[in-house]
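So you can see what is in the structure, the chains are spelled out below.
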Amino acid sequence: MRVIRALWGSTHPGPTLVVTALSLALGLAAGLEPWRLVLLVVAVFSGQVSVGLSNDAIDAARDEAVGRRDKPIAAGVVSAGGALGVAVGAVVVALVLSAPLGAGMLAAHAVALAAAWAYNAGLKATAFSIVPFVLSFGLFPSFATLSLPGGTPAPAWAGIAGAALGAAVHLTNVLPDLDDDRATGIRGLPHRLGARVSAVVAAAGVVVGALSVLVGSSAGELGDVPVVGWIFFAAAAATAAATGVRVLVRPPDRTVFRLVMLAALLLAAQLVATGGALTA
């Protein structure tokens, strides 16, 4: 049980569960039948487990060098090799579960997972560190629509919203670790921009995502947006403002990242609550 808890702790449980919840919300918005919805959610969960485990397994030596005792692998509770083996197994499960949902879903999920693993394997240390997040989150809304019979990619507005939120997730996720990362040779885009600029750009990304969902899900007719849609938009915009203000008045911490993840959940909930059609 100790090893299982350590493995779960190495999956980055918070983001893993949030992304899984997003897949559920998007599947509901797309109108997936129950068995397809279950396969989608479990496939996404397995994929996220693989991404989190591979991240901590690959970073084990760096985490140990900077004394990250909160990381189970760096603390020696579970081996990096064992965690990486489970991560590979989780990738296989994710792709096997994606296959019955169609070739399009399988291909999109494979590309998104490959991008995430590429980030873990070295892209995080370059100026292009944001690219895997923009690509993976931009594809993410299409997971649901491609899982429909004869599925097609999600509308462009959904992809824009996903990509904007992906950028915001990346720019805020690494803020508390900037100093540790620099000490171990990691200089991704947020390290080059700095904490405050990264947070401001992330807040702008949340606003872009919120506007994309508001305009796109209403087919451009803002007068037809129900009150609940405007409430969700206002909540997401307020979250964006809080993200920017937080990093201006306090040192960067996990709160700014949690605010961005909250905004993502708000936008997904807006789609479900307003009946915004991903398949329109």
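Coordinates for the structure precede this section.
Residues numbered from 1 in each chain as written. Predicted model: local features only at pLDDT ≥ 70, side-chain atom pairs only at ≥ 80, totals over all residues. Heavy atoms only, no water.

### What to know about the overall build of the chain
Check the secondary structure of the chain and you find 13 helices and zero strands. When its helices and strands are written in sequence order, the chain yields α-α-α-α-α-α-α-α-α-α-α-α-α. Over its C-alpha atoms the chain spans a radius of gyration of 18 Å, differing by no more than 12% from the 19 Å that the globule rule assigns to 280 residues. Taken over the C-alpha atoms alone, the chain extends approximately 55 × 45 × 30 Å along its principal axes. Of all 280 residues assigned to the chain, the portion counted as buried reaches 51%. Across the chain, the fraction of contacts at a sequence separation of at least 24, relative to all contacts at a separation of at least 6, is 75%. By element, 71% of the accessible surface of the chain is carried by carbon and sulfur atoms, the whole surface being about 11,600 Å². Positive and negative side-chain charges in the chain, numbering 16 and 13 respectively, have mean positions lying 6 Å apart. (Helix = DSSP H or I, 4+ residues; strand = E, 2+ residues; numbered from the N terminus. Rg over C-alpha atoms; globule rule 2.2 N^0.38 Å. Buried < 20%, exposed > 50% of the residue type's maximum accessible area, 1.4 Å probe, protein only. Contact = heavy atoms within 4.5 Å. Areas by Shrake-Rupley, 256 points an atom, 1.4 Å probe, with all protein chains shown as cover. Lys, Arg positive; Asp, Glu negative; His and termini not counted. Charge placed at Lys NZ, Arg CZ, Asp CG, Glu CD.)

### Topic: a nonpolar patch on the surface
On the surface, a cluster of nonpolar side chains totalling about 390 Å² of accessible area is made up of Ile58, Leu84, Val88, Val92 and Val96. The dominant element in the nonpolar patch, judged by the number of residues it contributes, is helix α5 (residues 80-98), at four residues. With respect to the helices and strands, the residue Val96 is situated in helix α5. (Patch = residues over 30% accessible without salt bridge, like charges linked within 9 Å, V, L, I, M, F, W, Y side chains within 5 Å. Salt bridge = Lys/Arg side-chain N within 4 Å of Asp/Glu carboxyl O.)

### Re the pattern of salt bridges
With the rule as written, the count across this model stands at six salt bridges. We note a salt bridge from Asp59 to Arg62, for which the minimum N-O separation is 3.0 Å. Taken as a pair, Asp59 and Arg62 share a single burial class, namely buried. Salt-bridge contacts for Asp177 lead to Arg254; the nearest nitrogen and oxygen are separated by 2.9 Å. Pair noted here: Asp177 is in the loop between α8 (156-173) and α9 (178-183) and Arg254 is in helix α13 (residues 254-274), with a separation of 77 residues, a long-range link.

Don't take any of this as a statement about function, it's just geometry.
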